[in-house]
Structure formats: C-alpha cells, structure tokens
Amino acid sequence: MAFEMPTERWSGKLNTVTIGATSAQGGTRTSTVTVGGETTLPFLKFEGETPNPPVVAMEVLDMPLTDVPPGLAAAYGDVVGDPAAWAKKCVDEYAADMICLRFAGANPEGADKSPEECRAVLQAVLQAVGVPLVIWGCGNFEKDNNLIPVLSQAAAGERCLLGSAVQDNYKTIAACSLADGHLVISEAPLDIQIQKQVNILLTDMGVSSENIIMYQTTGGLGYGVEYAYSIMERTRLAALSGDKMMSMPMIAVVGSECWKTKEARLSEEVAPEWGEAAVRGPIWEATTANLFLHGGTDILVMWHPQAVAQVKETIAQLTGEGA
Amino acid sequence: MASITFRPDNLTVTANDGELLAVVAARAGLALRSDCGGQGACRKCAVRLASGELGGKEGGAAETRAVEGGVEVLACQTTIAGDAVITIPEANRAADLTPLAKTLGHVAETLAGQGVREPLAARRCLAIKPPAKGDSIADVDRIFDALRAADPRLRQLSADLPTLRALPTVLRQSDWSICTTIVDGLSASQLANVASACDIDRPVFGLAIDVGTSTIAASLVNLGTGRTVATGGKRNGQIRYGDDVISRIIWTEEHENGVETMRRTVVETLNEVIEEARRAVSLAPDDIIALTVAGNSTMMNFLLGIPSGPIRRDPHTPPASWLPLFTAGELGLNVWSRAPVMCLPTVSGFVGADITAGVLATGLAEARELVVLVDVGTNGEIVVGMDGMLVCASCSAGPAFEGVGIECGMHGAPGAIEGVAYDPATDEVTLEVIGHQRPQGVCGTGFIDILASLFEAGVVDRGARFSEDFETERLRLREHELEFVLAFAGEHGAARDLAISQSDIENLIRSKAAVHAGISTLLCKLHLEPEMIRRLYLAGAFGSHLDVRKAVQIGMLPDLPVERVEYVGNTSLAGAQLCLVSREAREKVRAIAAAMTYIELSVEPGFMEEYVGSMFLPHTQTERFPSVVRTPTV
Amino acid sequence: MALTAVDIFKHLPKTNCRDCGVPTCLAFAMKVAQKQASLEDCPHVTEEAKAALAGESAPPIRLVTVGTGDKKLDLGQETVLFRHENTFLRPCGLAVLLDAGLDDAAVGEKLAYFKTLRFERVGLQFGINLVAVRSTGDADRLAAVAKRAADEVGLPLILMGGSASELSAAVAAVKDTRPLLYAATADNLAEMVALAKENACPLVVKAADPAALCELTPKAVEGGVQDLLLTTEAASAGAILQHQTAIRRGALTKKERRLGYPTLVVIEEEDPLQAATNASLALVTARLNIYTDPQKPIQIEAKLYEVGEPAEQSPVLVTTNFSLTYFTVESDVSASKVPTWIVVVDTEGTSVLTAWASEKFSAETIAAAVKACGVEDKVSHRKLMLPGGVAVLRGKVEDETGWQVEIGPRESSGIPSVLRSWTPN
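Residues numbered from 1 in each chain as written. Chains lettered and ligands numbered in written order. Predicted model: local features only at pLDDT ≥ 70, side-chain atom pairs only at ≥ 80, totals over all residues. Heavy atoms only, no water.

A. Fine view of the overall build of chain C. Counting its regular elements, chain C contains 16 helices and 15 strands. Structurally, chain C occupies a C-alpha span of about 85 × 65 × 35 Å along its principal axes. Relative to its 425 residues, chain C shows a buried fraction of 51%. Across chain C, contacts joining residues at least 24 apart in sequence account for 65% of those joining residues at least 6 apart. (Helix = DSSP H or I, 4+ residues; strand = E, 2+ residues; numbered from the N terminus. Buried < 20%, exposed > 50% of the residue type's maximum accessible area, 1.4 Å probe, protein only. Contact = heavy atoms within 4.5 Å.)

B. Local environment of the overall build of chain A. Of regular secondary structure, chain A possesses 11 helices and 10 strands. Relative to the 2.2 N^0.38 estimate, which gives 20 Å for 323 residues, the radius of gyration of chain A is 19 Å and therefore close to what a compact globule would have. Counting only C-alpha atoms and orienting by the principal axes, one finds that chain A spans roughly 70 × 55 × 35 Å. Residues counted as buried form 62% of the 323 residues belonging to chain A. If you take every contact in chain A between residues at least 6 apart in sequence, the share linking residues at least 24 apart comes to 69%. (Rg over C-alpha atoms; globule rule 2.2 N^0.38 Å.)

C. Representation of the pairing of strand S15 (residues 404-407) of chain C. Residue and element names in this part refer to chain C. In terms of strand pairing, strand S14 (residues 383-386) meets S15 through 4 bridges, oriented parallel. Directly across from Leu386, in S15, lies its bridge partner Ile407. This β-α-β element, S14 to helix H15 (residues 394-401) to S15, shows right-handed connectivity. (Pairing = 2+ DSSP bridges. Right-handed = clockwise from strand over helix to strand, strands pointing away.)

D. Region of interest: the sheet that holds strand S24 (residues 481-487) of chain B. Residues and elements named next belong to chain B. Read across the sheet, 3 strands follow the order S23-S24-S25 without closing on themselves; strand pairing throughout is antiparallel. On the outer flanks of this sheet lie strand S23 (475-478) and strand S25 (498-501), each paired with one strand and no other. Neighbour-to-neighbour, the strand axes of this sheet turn through a mean angle of 45°, independent of strand direction. In terms of strand pairing, S23 meets S24 through 4 bridges, oriented antiparallel. By the bridge assignment for S24, Arg478 is matched with Glu481. Packed onto the sheet, helix H12 (residues 502-525) meets S24 and S25 and runs at close to 65° relative to S25. (Axes fitted to C-alpha atoms, helices over the stretch in contact; angles between N-to-C directions.)

E. Geometry of empty space enclosed by the protein. Residues and elements named next belong to chain C. Summed over all chains, the structure comprises 5 cavities of 30 Å³ or more. Along its surface, the largest cavity is lined by 16 residues, and Cys17, Arg18, Cys20, Cys25 and Cys42 are the ones closest to its centre. Within the lining of the largest cavity, the residues separate by chemical class into 10 nonpolar, 4 polar and 2 charged. (1 Å grid on protein atoms, 1.4 Å probe; cavity = no way out; pocket = protein on both sides within 12 Å on 5 of 7 lines; lining within 4 Å. Points joined across faces, edges and corners; volume = space filled by probe spheres on them. Nonpolar A, V, L, I, M, F, W, Y, C, P; charged D, E, K, R; others polar.)

F. Region of the structure containing the packing of aromatic side chains. Counted by the stated rule, this structure contains 10 aromatic pairs over all chains. Between the aromatic rings of Tyr422(B) and Phe484(B), the centroid separation amounts to 5.1 Å while the plane-to-plane angle is 80°, which identifies the pairing as edge-to-face. With Tyr422(B) in strand S20 (residues 416-423) and Phe484(B) in strand S24, the pair connects residues that are 62 residues apart, well separated along the chain. For the pair Tyr422(B) and Phe484(B), a shared accessibility class is recorded, and that class is buried. Consider the rings of Phe607(B) and Tyr611(B), whose centres lie 6.2 Å apart with planes at 20°: the pair is stacked. Within this pair, Phe607(B) and its partner Tyr611(B) are both found in helix H16 (residues 607-613), separated by 4 residues, close to a single helical turn. One exposure class covers both Phe607(B) and Tyr611(B), and it is buried. Grouping aromatic residues by their ring pairs yields a cluster made of Tyr76(A), Trp86(A) and Tyr94(A). Positioned above the aromatic ring of Trp136(A), the side-chain terminus of Arg102(A) is 4.7 Å from the ring centre. (Phe/Tyr/Trp six-rings, centres within 6.5 Å; stacked < 30°, edge-to-face > 60°. Lys NZ or Arg CZ within 6 Å of the ring centre and 35° of its normal.)

G. Structural detail: the side chain of Lys360(C). On the secondary structure map, Lys360(C) appears in the loop between helix H12 (352-357) and helix H13 (363-373). Setting aside residues up to four positions removed in sequence, Lys360(C) forms contacts with Asp314(B), Val345(C), Asp346(C), Thr347(C), Glu348(C), Thr350(C), Ala355(C) and Thr365(C).

H. Region of the structure containing the nonpolar core. Formed by 145 residues in total, the largest nonpolar core has its most connected members in Tyr76(A) and Ile99(A). If we ignore the near neighbours within four places in the chain, the residues touching Ile99(A) are Met58(A), Val60(A), Ala87(A), Cys90(A), Val91(A), Val129(A), Val131(A), Pro132(A), Leu133(A) and Val134(A). Counting residues in hydrophobic clusters, the runner-up holds 113 residues, among them Ala121(B), Ala357(B), Val371(B) and Leu386(C). (Core = buried A, V, L, I, M, F, W, Y, C linked by side-chain atoms within 4.5 Å.)

I. Looking closely at the interface of chain C and chain A. In this assembly, 40 residues from chain C lie in contact with 45 residues from chain A. Regarding the contact of chain C and chain A, the summed buried area is about 3600 Å², with carbon and sulfur atoms giving 64% of it. One can count 2 salt bridges joining chain C with chain A. With a closest N to O distance of 2.6 Å, Arg249(C) and Glu47(A) form a salt bridge. (Buried area = accessible area lost by both parts, 1.4 Å probe. Salt bridge = Lys/Arg side-chain N within 4 Å of Asp/Glu carboxyl O.)

J. The pattern of salt bridges, seen in detail. Scanning the entire structure with this criterion turns up 56 salt bridges over all chains. When the shortest N-O distance is used, the salt bridge between Arg234(A) and Glu609(B) registers 2.6 Å. Here Arg234(A) is found in helix H7 (residues 225-240), whereas its partner Glu609(B) is found in helix H16 on a different chain. Among the residues examined, Arg234(A) registers a relative accessible area of 26% and is labelled partly exposed.

K. Broad picture of the sheet that holds strand S27 (residues 565-569) of chain B. Spatially, 6 strands are ordered S27-S26-S17-S18-S19-S28 (chain B) in an open sheet, and the strand pairing comes out mixed. Among the strands making up the open sheet, the edge pair consists of S27 and strand S28 (597-598) of chain B. Taken together, the 5 bridges between strand S17 (residues 370-376) of chain B and strand S18 (residues 381-386) of chain B define a ladder with antiparallel strand orientation. By the bridge assignment, Val374(B) is partnered in S18(B) with Ile382(B). Where H12(B) meets the sheet, it contacts S17, S18, strand S19 (389-394) and strand S26 (533-540) of chain B, and its direction lies at approximately 30° from that of S18(B). Across the sheet, helix H2 (residues 25-33) of chain C touches S19 and S28 of chain B, and the angle it forms with S19(B) is around 80°.

L. Just the interface of chain B and chain A, in detail. With 18 residues of chain B in contact, the opposing surface of chain A contributes 16 residues. Here chain B meets chain A over a buried area of about 1400 Å², counting both sides, of which 45% is carbon and sulfur. Counting across the chain B and chain A interface gives 10 residue pairs in polar contact (both at pLDDT 80 or more). (Polar contact = N/O pair within 3.5 Å; in protein donor to acceptor, adjacent residues only side chain to side chain.)

M. Fine view of the packing of helix H6 (residues 164-174) of chain C against helix H7 (residues 189-199) of chain C. Residue and element names in this part refer to chain C. Closest axis-to-axis distance for the H6/H7 pair is 10 Å, and the angle between their directions is 15°. Judged by the angle between their axes, H6 and H7 are roughly parallel. By crossing handedness, the relation of H6 to H7 is classed as right-handed. In contact with Ala164, Ser165, Leu167, Ser168 and Val171 of H6, H7 contributes Glu191, Met192, Leu195 and Asn199. (Parallel < 35°, antiparallel > 145°, perpendicular 65-115°, else oblique. Left-handed = near helix turned anticlockwise from the far one by under 90°.)

N. Geometry of the packing of helix H2 (residues 105-114) of chain B against helix H14 (residues 571-581) of chain B. All names here are of chain B. One can describe the packing of H2 onto H14 by two numbers: an axis separation of 10 Å at closest approach and a directional angle of 15°. Overall, the two elements H2 and H14 adopt an arrangement that is roughly parallel. Considering how the two elements wind past one another, H2 and H14 form a crossing that is left-handed. Mapping the contact onto sequence places Val107, Thr110, Leu111 and Gln114 in H2 and Thr571, Ala574, Gln577, Leu578 and Val581 in H14. The residue inventory of the contact of H2 with H14, partitioned by class, reads 5 nonpolar, 4 polar and no charged.

O. Structural view of unusual backbone geometry. The amide bond that connects Leu617(B) to the next residue, Pro618(B), takes the cis arrangement and shows omega of -15°. Among the secondary structure elements, Pro618(B) is positioned in the segment after H16. Even without a glycine there, the phi angle at Asn257(B) is positive, about 60°. Note on Asn257(B): relative accessible area 55%, which makes it exposed. You will see that Lys255(C), though not glycine, has its phi angle at about 50°, which is positive.

P. Representation of the environment of Pro130(B) in the model. Residues and elements named next belong to chain B. Relative to the elements of secondary structure, Pro130 occurs in the loop between strand S7 (121-127) and helix H3 (139-150). Along the sequence, Pro130 and Glu272 sit 142 residues apart, while their C-alpha atoms lie 44 Å from each other. Apart from residues lying up to four places away in sequence, Pro130 is in contact with Asp135, Arg142 and Trp176.

Q. Just the environment of Pro424(B), in detail. Residues and elements named next belong to chain B. Take Pro424: it is sitting in the loop between S20 and strand S21 (428-433). On the accessibility criterion, Pro424 (41% relative accessible area) is partly exposed. For Pro424 and Asp375, which are 49 residues apart along the polypeptide, the C-alpha to C-alpha distance reads 33 Å. Residues within four places of Pro424 in sequence aside, it is in contact with Ala457 and Phe470.

R. Region of interest: H3(B). Residues and elements named next belong to chain B. With 12 residues, H3 ought to run about 16 Å at 1.5 Å a step, and its terminal C-alpha atoms sit 17 Å apart, in line with that. Within the sequence span of H3, burial applies to Asp139, Val140, Arg142, Ile143, Phe144, Ala146 and Leu147. Elements that come into contact with the buried residues of H3 comprise S7, strand S8 (157-159), helix H4 (161-173), strand S9 (177-184) and strand S10 (189-196). (Expected span 1.5 Å × (residues − 1).)

Okay, structure coming up:
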C-alpha cells in the first residue's frame, strides 16, 4: 500500500497584522511589516501557507547600555549614545525590518527621563528611519502610564506596536491604542492562561483582537526556553483550532535576554572550553531565535547583526521558493 | 482563682491565673475568632480590658495597645492575672453556629425514605425458655436461639466478656425475661448487654456525628422509627490550636502530649454536642446505644488519638483507613459505655470518612452516568463517579467560602448575609440576612452572590479586579487597596462598615478556581467532558440559599443546566446517619472506600494551569461557559 | 493513539484486591496507561484482556541502540508529536563528521578536537554522541580511521559508505562497538542488510522520500534487520522538515509501521573549528532544554534574588521556588518601588501553602536557605519577612535563624504597603 503524506486540515488560522502606516495610510513610514496569516504549524509548506515570513526587529535603547559585552560593542561602536543614529545603522547596515525602541532610561529607579525627553527621542527616531516601530516602556507601571500616552500621541497615525499590557496594568495602553491607532503587545509571564486572560481584558476594553501581538516573557537559551517554546507551540495549535483569543501573532524578545547570559558574555580567557566569545554570543542569540521560529513566533527582537543575518537567512530558507 | 466577666454578655466565669484568655472565653461559650491559630498574627481575637489585670503569655505584663476608649489586648497572647472585666467587640466573636446538620434535596429524601433496616445496635426484649431436666443447653445458647427465632437476619452471634459475666445472674433474677442489646458488627452480631426486661415502649437512639474541622454536627435518631429527633452543632474546640488541619497536626507534633490534648479537646466538644442533643429530648446517656462518626482523615485520627504526622508529609498516608468498631467508653464519649462506635472509612490522607459518607448518601457509586460530588468544606473534596469508576481528590480550596480569612466572613448563622444584589443604576445593595437580623458578616452563598453581582455590574473586570473608575462611593481606597462597601455603618442596621476588599476577592477567586480546576482535572483524567455531568451534588457549610446560577456565573461550577445541580447540605452527616440504620449502608460505605481512586492534584500535570485558567470570571476559556453572557464595559 | 486508563480499566477484574500493589484497579489502569506499570503486574487479568490490549501497546517507534557500554545511544520509542503532550524520551544524538581521506596528522587533530566537545550544564556532562567516519572508496583506509576513532574518542561510530564492500573491513575492525551502518538504498539493500545482520549492527535506510522508504524498510526487516534508522534525500530545510514531519506523523498517528523507526539527518555546512564549539555548546544546550520533561512544575533556582538595587538596609522577604509564586511576589515587590532582597527556598516547585503542608517550606528549610544564599553578608539588619500563610512558623524560624521574623501579608498584593512602611529597626 502506497504511503500517503499525512497532512492536517485546520479550522483556524492566525490573524494577519500590519504594523506601520505609510503616508497613504496616514503615517510617515516608508515600509510596513505584515505578519501572521499562517494556516498551519511553522513552516510546513506542504500543508499550508506562510503568507508572511517572520520578521526581525532590532532593539534600540534610549540610553547607552552599561556593561556592554565586547561582542556587541564591536557591532555598534559609539552609535549607542544616539538612538536615531543607532536605529539608522540597524536599518541601513543590518537590514532590520523594524526598530524596537525601548525607553529603559525612563525607569524611575534609573535615569528617570521625563516623558518629554523620551518624546524627543521618539521623534528623532521616527525621522531617522522609515521602518515601523515598536515602542516599549520602562516596565514601571506608574511611569509608563504617564509615558506611553505621551509617546502614543507623538506617534499618532504611525500604527506602532506599543509595549506592553499586563494583567495588572493594561487600561492605559489599551486607551492609547484606541485613541491613536496603534497596536498593543499583550504580555504574560510564561503562562498560557494568563496570555489569553490579558487578550480578553484588552478586547473587553474595545481593542480589536487584530491589533494585538502576544508576548511571553522568557529567558534565553539555557534559561528555560523550553517553557516558552511549548507555550508557543500550544498557542499556535490553539489558533489553528479556531480559538480567536489566541490567534494573534507572537513576538519574542531575544537579544536582551540572550546577552544577559554568561554564555554570551564570558570571554574565552575565562571560559576557554566554550570557544571564541566573538562568535559565541551571536550563535547563542541565533539559536534562541531559531528555536522560537520553530515554536511559531513571527517577530523577533534581536541585538547582534550577525545573529540577525543568520536568522534572516534561516527564515528565507524555510519560507522561500527552494523550501 | 480569678473571676472574669465578659461584656456585653454579662457572663462571669472563674479561671486560674495563667490560663489563656482565649481559652477562658471559649469555655464561657464566647469563642473568639482565630485565623492564625493563636500566633498573635491575625488580631481577630482582640478584646478590650475594661478593668482588672492581665498577664502576658510568656510571663510578665500583657502586651497592650491603646485604642479609642481603652486598652486592647490579644486574647491568644494574654493570660489571667486576677479578676478582670473584658469587653468583646462584636466583630471578633466567632459566630454561634446554627446547627449545620441540615440535609436537603435528594439526600434528604434518601434519609427520609430509609427507615430502619438493621440498626447498628438494637434492644430486644425476650422471654427465654428456662432450662429443665433433659434440656441443659447453655444459657448463652438459649438466648442465641431465642434471638435467631425472633430475627432470622441475625448473623453469627457471640457475646462479650462483661455480658457473659452478667448473664447467669440476670437470667435468673429476671425470671428468664430479659432485655438484650445486639450490636450488628462488621461481619457478625454481638450480644452486648443483658438486663431485666424493660419497658418495651422505651425507645433507643443512635447518634450520627460529623466531626468537621470547624464544626461538629450531630443527628439524634430513634433507632426504632428511623426518625431524626434532634440535631446539634458546636464549634470544634480544636480551633484554638489552629483553624486548619495542617496547623493542628503541627501543633500536636510541637507540644508535649499534643496528640492526647487534641483528642481530649474534640472529645470534650463531642460530649457537649451529645449533651445538647440528649437534653433536647430528655434522654439519659444510656438511651443512646450506637454512634457513627464521619469526618476528614485527620479529624478521625485525632478523635482516636492516633498520631497524624504522616498525613502532612509526602506521600500523605493516613495511619488507618479501615477501623473496627470501638465502644463509646473506650473513646470517652458520654453515652452508653458499651455503645458501638462505627468510624466510617477514609480513602487517603486528604479524602476522609466525610467523603465516603457523602458518596454513600448521594448514591454516587451506583451511578451509571456521570455524577459529581463537591464538598466545599475546609479543603474542598471532589468525587467523580461513573459506571463503577470512582475518582476523588482534594483541591485545597481553603475555607474562604466558610468565611475564614475574609475580613467580614462568617459561617451561615443568624446575622450572616446570605444573598446580595447590587444595582449599579441606583447604587443600592439589597441584602438577605439569615434570621433577618442586623447584618454582621457574609457567609458562603453571600460571597458567591457578591462576586456574581460585582462582575455583572462591571465593578470588577474579568480578572476580578476592581475598576478604579467605576462611579460609586462604595468603591474606596483603604490601606492601599480598593474595597467595596456592601453596607455602611447604619445602612440596613449594620453596626460597622461591611466591605469586601481586593484581597478578599482574590482569596475567594482562588477558592472557586481550586474547586473548578479540581472538577476539570478529574474529568480530564477520565477523558470525560463537563457536559456529560448528569448530576452535580454540592455539599458544605455555605448557607442553604445557594443560587446555582451564580455559582456557575462566577465559574465555580461547570456550566450545567441549573436543574442538574443540587445543594444537599451536610452529606457527611447524612452518610453517617445511613450507617446507623442499615447494614447494607455500613457494608457499602466500606466497598466505596476501597473502590475510590485518589488523585493527588498537586502533582497532576495540568492542574496548575487549569487553576490559573479558572481564576478568571467565569473562566479564561470563555467558550466553556456559553450561558454566562456579559457585555464588556467599554 | 495511546490507550487510555479508562480503556484499560474496562478489561480489569475491578475487585480492588491490591495484589498488584496499587490501591484500586482504576489507579492501576492509570499507571499502565502512563507506562509506570505493566499489565502483567495484575495476576488476575484474563488472556482475552491481554490480547485485546496487546495490539495497542507495542511502541510505534522502535528502540534502536547504537554503540555499547556507558556511551551507547538509545534512540526512538517516542510517543508524542509535541513535547507538551507528555514528554520527549530520547534526546537526539549529535554526530560529527570525519572524512577518512584526511591524512593521519589531520585525523589525529580532529579526533583530539572531538574529545573537547563536552560541556557541563546543570552539574552534568553533555556533548556530541557519535563520530561519523565517511569512506572515500578505500575500504582499508576507512577501517584504519574508524579504529582510531573508536580507540581515541571512545564514542559510538557511524560508518558511512556506498556499498557493503566499502564498509566491511571497517565493520570487522570495530564491530564490538556496535557501529551504525550508513546507508542501505534501493541499489545496495540486500548486501547492506546482510552485512548488518551478520555483524548485529543497526542500519540506516535511505530513500528519496518517506513513500520510497516504505518500499525499503519491509525488505530490510524480511532480511533479518529490525534496528533501522531512516533518512531521505531531502537537502533544503523545508524538505527536511516535511520528510521528518511525515515520518513522525506516519509512525504515531497513522500507525505506519514501515516508518516506525528513529531518523537521521546529515547536514553539511562550512565549519571552522571554533564555530563548531560554539555551535555544539548551543546545540547541546538547546537539546537539553527541549528534552526536559514538561510535566515537572516550573521552578526557579533557589538562591538570593534582588529586586531593584537592594542594599544593607533593604528588606528581606522569603518565598518558595515555584515560578508562579516567585514572579507574583517579585512583581508586587517591583510595584512597591522598594529595593528588596528575596530569599527563594527550594520547595520543588510547590507554592507556599502546599510546600508548608508537606514540610518543604519549614523552619528548617527556610533557615538552611537563609544560610546558604549569603544574605547574611548583604544586609546589616537581621529582619526576615515570611508570607502571611505561614505565620505559624514565626517562632521556630526565629529560633533556627536567630533573625527577627515579621509576618507579611497573606496576599502578595499586600506587599507594597508593607514594604513601604518597613524599617530595619
């Protein structure tokens, strides 16, 4: 008896989401990014569509990193002092599909930058690059509830992706999304139920489910990625089975998490058995990103250009014509 | 000896110097609340010292706190040091308990229809053929023959030593007209007493007892007619050593003679219950000739003075699950001293005799279709039965629905708010209070109503969090968290503001989530769906006016048609009562215990996730609750 | 799909006799379903029952062992498509490729390098598992290099060649190490099968695609070799994914016994020495992560955590290592904006009350954690805060640690207000 390729037929699919708005659409972006729309498990082209390949957003901070690992410093040099230049380098030289602008400097425990200072940075970055933006707060609820509305308004019409809404603090960001036409990152602490809960809370407030991107906080490779991986697989399966509250595309924050790890940071003097540090960090980041791609993530937020290049090539291999 | 007067009750008791004030108050029948088991942490036992002296628990002076109008002490940290007058604030009284011995619905019908088949003990008067020349059959055999002739259902008969010793004299002194007491033992019958023939009309009684963690409830049953003639209930005296099973076990392990003290304490409460029931129908202790006891595994072991340490440690094994008949005398219970005491069997460390009794009373074991029993007591046990399969689990729901750990929580007793409705249009709260009295607190059914009401009105979001921008003065900030005022002081006659805080809500949500997750996980284990549940029996101390629709609305119970859910009251007591009057029941409950498969939820993969999912109103997977519709407020 | 406990229960005597050592028949059925017991453990199960259940319980994917001794590699017997459905059982093997055509010095260098590809993760050693030696046509050369690999590296071998004659000398040289033979194709099947059978070696079967594999594997089995690994000619990432998915789905969901074997994929990329180390480390770690058992509760490492930048006069909280508990507490502490130390006690991933009830969160374990985590060197005060739910432990913890113990709120949400009013005095 001849063997027949076992294919699955799914009743649901992922939402198709576009980030960024061109001038025709009311914004000033020169390109937009569309993700989602998958009709099967990751990259199984023989039984479904991946109409929009996953994309890479590169992360830009509003203030320079302290304690930059050498592997990373080499890639960026001194643009890290200037968010606009930093963003430009990511787009022009490293082919970032999006820029993820994170306002770590606004943290009251740190530099406590004012919303006005942050707005100036945002405006400079909007000027410097034409790709869509992810705008991420500092993680302090009180500060973000003052900061995000200011940034949201400054970028009104640009259809940015705002981060992030959590169970205990989602109303302000939901309101911003409705008022200024942005999308929302719905965040959960490595918990598939809480993810759905935040999605429901957001949609209860009027945010369209098609304006939501899901995010599970996770460590880098070696630090519990398997939990995130399985949640991603299960989330994809839920979407394919028709759960509309789990049908949003996913975003993963890979760069900052991986570069915290000792595997990415330690020099070869300290850890000779681990091989050359300059290569190790990017491989660590790329491997993490690849894992998440296979889990079903559509947007990867990354740091190192070599890792970005490798991952983009992997994406091309898995979704391109030769696949 | 010191004289301690309690206000406003104007009750005076004597006490010894050094005695703990909380214990003295309990002795006076004025038990105080204790959520922390006497650690001085919860401050629920705070009382005012109106006059006199008190000492500190560790010696020295009592720790006092200045409050408006006087000096406040914690009764659990303070000792007697001479005469004193103590004022007990209303809020800190442990509620007097309405006897929680009610059964309802299907289970009540079962009990009513049961009648008496083979009571655990019975008295029968007989005329015995005296011996004569050519007929020298032994005295005992004469009696056995006579008994068997009178009742062919009797099994293998034997007589105990005290009876044998008394026999020859009693027979001859009574002129061969005797009154026998027969015990229907586990596999044989026993002649437990012989006396002169008595007044045939004198009825005999049995007492069915539910030894709960918080309350002990009992039913006094006429063993001739099967009728319940009295019910009683008392707060379990062990509460002073901790309000939950684990704290009490720890207490027994940390105090010298802890096991014995714990045993004595529960026996004391049991004897108070026995006395109350007796007096209600003017009985002498000897008129009660049989006892059946059900309770969770730890309670059963405490009663018998068996160390319970292994129950709290992995893998949580109970020391004994099957028990022989004991006598009331050997357990220290004040009824006929040779009255048989049947302790119903337990299943595991956390599923006890109260649950096997509940399965017996609800008929779960015979169910061809899917039937579920949920006993929301201190621990929340669930039994799922279908077609010969019985699985059970303890979902550790916690006593929130019994009012413990909640600021304004209380048992279902007079003064408890058992029904609540909030109308956002008028900003009014309608209350139903047990006994139609001034509201003092809220009981289980009241909390279910509150959650449903607040959710429906949009005061809380699906995550059960207060919406700060909801327009009402009832929503206010107190001690850094929001609370919703059900009744302001003076409203509806409330003596103080009765409010439910965000923390209280979180506590209740966790409780209801544990119950729902327990049910879901057990069903999942058997590859069954909630829609297949034909009947769901809810037992426990909620209060009798449970609105099933609201319990579904908040996601505590699966989304079943209302008619499939029945609140049945105290099934532990009902099962114990069935065992008093029926041999079949006594045998069945043992078979049930043997057949129940215990599932340890804490190590069951998927339980934790289901629990998190159940913390939403009604649930994260909204598709599981199609009947709960709420328009989101935008 | 696998048998459920309910299916198995139907065939049991249902007497709850406990002769199997398990309290009830249903509990026994659950164990059998989870492969924690076997049907034979019940002395009373009937022959009919055994027959009815037998067909269902043979593993859909064969267990194949490569190598011998403590470095042997067991492959196969997987039962699920996704790790979250239960767990993956047999971590995949990682093999490094060595061309037999290299000169002796180069071979020596490579072999020495392969030995370094072992790394410590979570206190254990993990690394590459096999060395694949590929023939260039010279059978004796292959044999010599294979022997060196076996002796100098000590890992199981894969012998790669296009025909039985290419491989036979090598097989003879190392057959005691049970090498994997690569590969039998439509062209050379009979001779490769014979070689494998004669030497009791597992054999890779290679074909264009899964359908073509289905033609070959039955022939191998008929020829007397059942320990097979499957591979196809797929070269691109997408094609590899498709074929591997087809094989796994076929075996597990379609009960296709012709594909019921572990698989192998050969990936050749340019590989400067150093990058291989990094890649190995990353791959080994990824493999370790993916193959962990998802049924174990999420735990975090038990140690001292910092929220914000706590200093000597900052408060110290104690909690359990159950992820959900810790992250809830951490998030509330963050919200308070008070820099705080958190001592996490290893309670095997159970929450506060559960851990307390089973003595994992006790005065002893708390005291041990406080000692071990080094918080005593970080703070100048000696005040510890316990979760409200374990207020009863206060006295004992004070005795065991010598610290002053405060009772925090029962609810994590109460933490911010408590921290804000906390003082070290």
